[in-house]
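Commentary on secondary and tertiary structure
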Amino acid sequence: MSQTITLNIPSSLQDIKLSQYQKYVKDVKTILEKENPTQEETEFANIKTLECFCGLTMKEAYQLPVSDFDSIIKHINELFKQETPHRIHFDMIDPQGNKVEFGFIPQLENITMGEFVDLEKYLGDWQQMHKAMAILYRPVSYKRKEFYLIEDYEGSDKYSQVMKDSPIEAAIGAMVFFYSLSKELSKHLMDSLQKQLKKDSDFQNHLEQSGVGINQFMHSLKEMSESLDKFQSYPFRNV
């Protein structure tokens, strides 16, 4: 008697958690970075796809009919090929079963130094992406029509574990958004912060006391822009 296998096939990227994608990238990272993976490596990546995104064990994946296996892999590939919009809001359910709305930083030009420094550390590294998402998205504290406010930033640790359950659609959309605006954003930040630093002698003195002068600080912003440029070539390839 054949064993019944239960499949949880995602219907969209909204159904895939960030933590699932992080596990997938970690397990098949070396394969993803290869231009010409071997057939065995491709098969391994396909099995890991079903394991990470559909909740199958490796043993169960091997028991699937070939037609079903190929169909599911093709379906998931198609999901990652679709254009991913930048999500301004998304909902999550807290441990008490309540729906909590998370919103993207309303005005990037007003990003705080704490948010910027932490974002620079985490954005672009998939294994740290839940920490970056905890900076970019926080619970909406006030909303009226299209206008909204989010909670003040208290460090990425506050919501980083929560963000592991955020939809991968929001994380990919945020990265694409930052790639598209990286040059404009970094230029605006550098121009704005340079004016602020020249005007705010106390803040500049604090940087210098910490071993960071204005030139070094501006160089750090430039490096962030260059790292964002690398997002476009990150391997969202067929598995």
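Structure's up top.
Rules used throughout
All residue numbers refer to position in the chain's written sequence, counted from 1. Totals for whole chains, interfaces and linings use every residue, but because this is a predicted model, local features are given only for residues with pLDDT of at least 70 and side-chain atom pairs only at 80 or more, for both listing and counting. Excluding hydrogens and water, the side-chain values take into account all heavy atoms of the structure. Aromatic contacts are taken between Phe, Tyr and Trp rings whose centres are within 6.5 Å, Trp giving its six-membered ring; a plane angle under 30 degrees counts as stacked, one over 60 as edge-to-face, and the others as tilted. The numbering of helices and of strands both runs from the N terminus, where a helix is a DSSP run of H or I of at least 4 residues and a strand a run of E of at least 2. Burial classification: accessible surface area is computed with a 1.4 Å probe over protein chains only, and a residue below 20% of its type maximum counts as buried, one above 50% as exposed, and the rest as partly exposed. Residues grouped as a nonpolar core are buried Ala, Val, Leu, Ile, Met, Phe, Trp, Tyr and Cys residues, joined through side-chain atoms within 4.5 Å. What makes two residues a contact is simply this: any of their non-hydrogen atoms within 4.5 Å. What makes a salt bridge here is a side-chain nitrogen of Lys or Arg within 4 Å of a carboxyl oxygen of Asp or Glu, nothing more. Strand pairing requires that DSSP identify at least two bridges connecting the strands.

1. Describing the packing of aromatic side chains
The full count for this structure, using the stated rule, is 12 aromatic pairs. Look at Tyr21 and Phe53: their rings are 6.4 Å apart centre to centre, the planes differ by 5°, and that puts the pair in the stacked class. With Tyr21 in helix α1 (residues 18–32) and Phe53 in helix α2 (residues 39–54), the pair connects residues that are 32 residues apart, well separated along the chain. Across the pair, Phe53 and Tyr21 agree in class, each one buried. Put simply, the rings of Phe90, Phe102, Phe104, Tyr137, Tyr159 and Phe177 touch in pairs and so form one group of aromatic residues.

2. Observations concerning the nonpolar core
In terms of nonpolar packing, the biggest core is built from 56 residues, with Leu50, Trp126, Met129, Met133, Tyr137 and Ile168 touching the most fellow members. In terms of residues, this core owes the most to one element, helix α8 (residues 168–199), which gives eight residues. In contact with Leu50, not counting residues within four places along its chain, are Gly55, Leu56, Ala61, Leu64, Phe69, Ile72 and Ile73.

3. Quick word on the pattern of salt bridges
Should their charged atoms come close, side chains of opposite charge can pair. Using the criterion set out here, one finds 14 salt bridges in the structure. Lys99 is paired through a salt bridge with Asp91; the nearest N and O atoms lie 3.9 Å apart. With a relative accessible area of 62%, Lys99 lands in the exposed category. Owing to a relative accessible area of 43%, Asp91 belongs among the partly exposed residues under this scheme. For Lys121, the salt bridge identified is with Asp118, shortest N-O distance 3.6 Å. With Lys121 and Asp118 both in helix α5 (residues 113–122), this residue pair falls three residues apart, about one helical turn. What makes Lys121 exposed here is its relative accessible area of 53%.

4. Overview of the pairing of strand β4 (residues 147–150)
Because side chains alternate across β4, one face comprises the buried residues Tyr148 and Ile150, and the other comprises Phe147 and Leu149, none of which is buried. Here four bridges tie strand β3 (residues 137–144) to β4, and the two strands are oriented antiparallel to one another. If you follow Lys143 over to β4, its bridge partner there is Tyr148. Hairpin connection of β3 to β4: two residues between the antiparallel strands, including Lys145 at a positive phi of 55°.

5. Remarks on the environment of Lys164
Note on placement: Lys164 falls in the loop between α7 (157–160) and α8. Owing to a relative accessible area of 26%, Lys164 belongs among the partly exposed residues under this scheme. Here the alpha-carbon distance between Lys164 and Leu18, two residues 146 residues apart in the chain, equals 5.2 Å.

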